[in-house]
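What follows is each chain in one-letter form.
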Amino acid sequence: MTNNSDWLEHSVQVEVEVPMETVWSLWSDLEQMPRWMKWIDSVQVLEDNPDLSRWKLASSGFEFSWISRILKLVPHQIIQWESVDGLPNRGAVRFYDRHGSSVVKLTVAYDIPGILGKLMDGLFLGQIVESTIQADLDRFRDYALKIQN
């Protein structure tokens, strides 16, 4: 069976000089995420099912939306998700307590529809995505430091 799409995966991380409690409280409140994730327009947790959230991505003329389901949530350790509708993606945010500082590691995988993948050479697209999510984590670090002080 031929597959018309390819999953691309990226991992980036950042060390933040704030306690794990602060880092966790920010990431576990999904609706705050657009504050540091520039390409995420909005996140809305569904009232009738808090495991599900509606995401909207808007970037230079593109707009995508999807519904995400939390697969695994271990406080101070991991939030893992997959999309159940819309833009196919999955990933995890992992947290490492360095006692006084915290490491946040974000892994994102997404499905590129065949024709789109050919139009945007995978390597080029990959570099854009990686630098974008690294910039998001850097912004998160700045944001966490700011609210910490």
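Before reading further, recall that the structure is shown in the block above.
For clarity, every value in this text was computed on a predicted model and none was experimentally measured. Each chain has its residues counted from 1, running along the sequence as written. Two thresholds apply to this predicted model, a pLDDT of at least 70 for residue-level local features and 80 or more for giving and counting side-chain atom pairs, whereas whole-chain, interface and lining totals are computed over all residues. As a rule here, side-chain values come from all non-hydrogen atoms in the structure, and water together with hydrogens is ignored.

Some words on the nonpolar core
In this text, buried Ala, Val, Leu, Ile, Met, Phe, Trp, Tyr and Cys residues form a nonpolar core when linked through side-chain atoms within 4.5 Å. Think of it in three bands: with a 1.4 Å probe and only protein chains considered, a residue is buried below 20% of the maximum accessible area for its type, exposed above 50%, and partly exposed in between. In this structure, W27, F95, V104, L106 and F140 are the most contacted members of the largest nonpolar core, which totals 36 residues. Helical segments are the DSSP runs of H or I of at least four residues, strand segments are the runs of E of at least two, and each set is numbered from the N terminus. Per-element accounting of this core gives the leading share, seven residues, to helix α3 (residues 122-148). Whether two residues are in contact is decided by their heavy atoms, any of which lying within 4.5 Å being enough. With residues up to four places along the chain from it excluded, the contact list for W27 reads M33, W36, M37, I79, V93, F95, V104, L137 and F140.

Regarding the pattern of salt bridges
The salt bridge definition used is simple: a Lys or Arg side-chain nitrogen within 4 Å of an Asp or Glu carboxyl oxygen. For the coordinates displayed, the defined rule picks out four salt bridges. Salt-bridge contacts for D41 lead to K56; the nearest nitrogen and oxygen are separated by 3.3 Å. Taken together, the residues span a long stretch of sequence, with D41 in strand β2 (residues 40-45) and K56 in strand β3 (residues 52-59) at a distance of 15 residues. Residue class for D41 comes out partly exposed when judged on its relative accessible area of 42%. A salt bridge links D138 to R141; the shortest N-O distance between them is 3.9 Å. Here D138 pairs with R141, and both are found in helix α3, just three residues apart, close to one helical turn. For R141, a relative accessible area of 27% puts it in the partly exposed group.

Structural notes on the side chain of D136
Turning to its location among the elements, D136 is positioned in helix α3. Given a relative accessible area of 0%, D136 falls into the buried group.

Digging into the pairing of β3
Of the pairings in the sheet, the one linking β2 to β3 comprises five bridges and is antiparallel in character. In the sheet register, Q44 faces β3, and the bridge partner there is R54. Pairing between strands requires that DSSP locate at least two bridges from one strand to the other. Of the pairings in the sheet, the one linking β3 to strand β4 (residues 62-74) comprises eight bridges and is antiparallel in character. Its bridge partner lying in β4, S59 is registered against F62. Here β3 hands over to β4 after two residues, with S60 in that stretch at a positive phi of 30°.

Here we look at the environment of R35
In this structure, R35 sits in the loop between α1 (20-27) and β2. Of the residues examined, R35 reaches a relative accessible area of 54% and is grouped as exposed. Residues R35 and D136 lie 101 residues apart in sequence; the distance between their C-alpha atoms is 9.3 Å. Pairs of N or O atoms are called polar contacts if they sit within 3.5 Å, as long as, within protein, a hydrogen donor faces a hydrogen acceptor (for residues adjacent in sequence, only side-chain-to-side-chain pairs). Here the side chain of R35 touches Y143 through a polar contact of 2.6 Å, side chain to side chain.

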